[in-house]
Amino acid sequence: MVDTTPLTRAVEHFADKLRAAPQSRLQRGAAAEALGLARELARWAQAVEEPGAESREMPDAGMFAVADQIMVAGNDLAVVLKNDAEVGDAVRLVEEAQKRAGV
């Protein structure tokens, strides 16, 4: 079994930072960056679960929902990852998005 704790922690950390961020920071791009990450994580999970199926896009539920969207997508991905390298790749995606978001 793969230890996905690092991914879960990274996703929780980013989500917590988004929840604590002022609305102005979310509006200046943090929310858009977070939504982009959530969509990327969701696409990855879908590709593993349903190879060859048409990808569905996570909807834009608004800037105050992106923390929850990251949590859902990150946790969905954590369930289907197959090895430590994939976990490491996912953690890097989250950390890089968080840096770009500035939170």
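Whatever comes next refers back to the structure up there.
Residues numbered from 1 in each chain as written. Predicted model: local features only at pLDDT ≥ 70, side-chain atom pairs only at ≥ 80, totals over all residues. Heavy atoms only, no water.

**Q** In this structure, what is going on with the packing of helix H2 (residues 23-49) against helix H4 (residues 84-101)? I would like to understand it.
**A** If you want to describe how two helices pack, look at the angle between their axes and the distance between the axes. At a minimum axis distance of 8 Å, the contact between H2 and H4 shows a crossing angle of 165°. With respect to H4, the element H2 is oriented roughly antiparallel. Both H2 and H4 take part in a crossing whose hand is right-handed. Across from Arg25, Ala30, Glu33, Leu37, Glu40, Leu41 and Trp44 in H2, the residues of H4 making contact are Glu86, Asp89, Ala90, Leu93, Val94, Ala97, Arg100 and Ala101. Here the contact of H2 with H4 is built from residues that sort into nine nonpolar, no polar and six charged. (Axes fitted to C-alpha atoms, helices over the stretch in contact; angles between N-to-C directions. Helix = DSSP H or I, 4+ residues; strand = E, 2+ residues; numbered from the N terminus. Parallel < 35°, antiparallel > 145°, perpendicular 65-115°, else oblique. Left-handed = near helix turned anticlockwise from the far one by under 90°. Contact = heavy atoms within 4.5 Å. Nonpolar A, V, L, I, M, F, W, Y, C, P; charged D, E, K, R; others polar.)

**Q** I tried to follow the environment of Ala101 on my own but got confused; where do I start?
**A** Within the secondary structure layout, Ala101 lies in helix H4. In this structure Ala101 comes out as buried when scored by relative accessible area, which is 8%. Expressed as a C-alpha distance, the spacing of Ala101 and Met1, which sit 100 residues apart in the sequence, is 32 Å. Apart from the residues lying within four places of it in its own chain, the contact partners of Ala101 are Phe14, Arg25, Ala30 and Glu33. (Buried < 20%, exposed > 50% of the residue type's maximum accessible area, 1.4 Å probe, protein only.)

**Q** Help me understand the packing of H2 against helix H3 (residues 66-80) in this model?
**A** At a minimum axis separation of 8 Å, H2 and H3 run at an interaxial angle of 25°. When the interaxial angle is binned, H2 and H3 end up roughly parallel. Here H2 runs over H3; the crossing is left-handed. For the pair H2 and H3, the contacting residues are Ala31, Ala34, Leu35, Leu37, Ala38, Leu41, Ala42, Trp44, Ala45, Val48 and Glu49 in the first and Val66, Gln69, Ile70, Ala73, Gly74, Asp76, Leu77 and Val80 in the second. Along the lines of polarity and charge, the residues of the contact of H2 with H3 split into 15 nonpolar, two polar and two charged.

**Q** Can you help me understand the pattern of salt bridges in this one?
**A** Where charged atoms of side chains with opposite charge meet at close range, the side chains can pair. Applying the stated criterion across every chain yields a total of six salt bridges. The shortest N-O distance in the salt bridge between Arg100 and Glu33 comes to 2.8 Å. Of this pair, Arg100 sits in helix H4 while Glu33 sits in helix H2, and the two are 67 residues apart along the sequence. Judged by its relative accessible area of 53%, Arg100 is exposed. With a relative accessible area of 21%, Glu33 lands in the partly exposed category. Salt bridges sharing common partners tie together Asp16, Arg19 and Asp68. (Salt bridge = Lys/Arg side-chain N within 4 Å of Asp/Glu carboxyl O.)

**Q** Help me understand the side chain of Gln69 in this model?
**A** As for its placement among the helices and strands, Gln69 is situated in helix H3. The exposure class assigned to Gln69 is buried, which follows from its relative accessible area of 9%. Contact partners of Gln69, with chain neighbours within four places excluded, come to Leu35, Ala38, Met58, Pro59 and Ala61.

**Q** So what exactly am I meant to see when it comes to H4 here?
**A** Counted at 1.5 Å a residue, the expected span for H4 with its 18 residues is 26 Å, and the 26 Å between its end C-alpha atoms agrees. Along H4, the residues that are buried comprise Val87, Gly88, Ala90, Val91, Val94, Ala97, Gln98 and Ala101. The secondary structure elements touched by the buried residues of H4 are helix H1 (5-20), H2 and H3. Taking the backbone nitrogen of Ala85 as reference, a side-chain oxygen 3.1 Å away marks Asn83 as the first, capping residue of H4. Gly102 lies just past H4 and shows a positive phi near 75°. (Expected span 1.5 Å × (residues − 1). Polar contact = N/O pair within 3.5 Å; in protein donor to acceptor, adjacent residues only side chain to side chain.)

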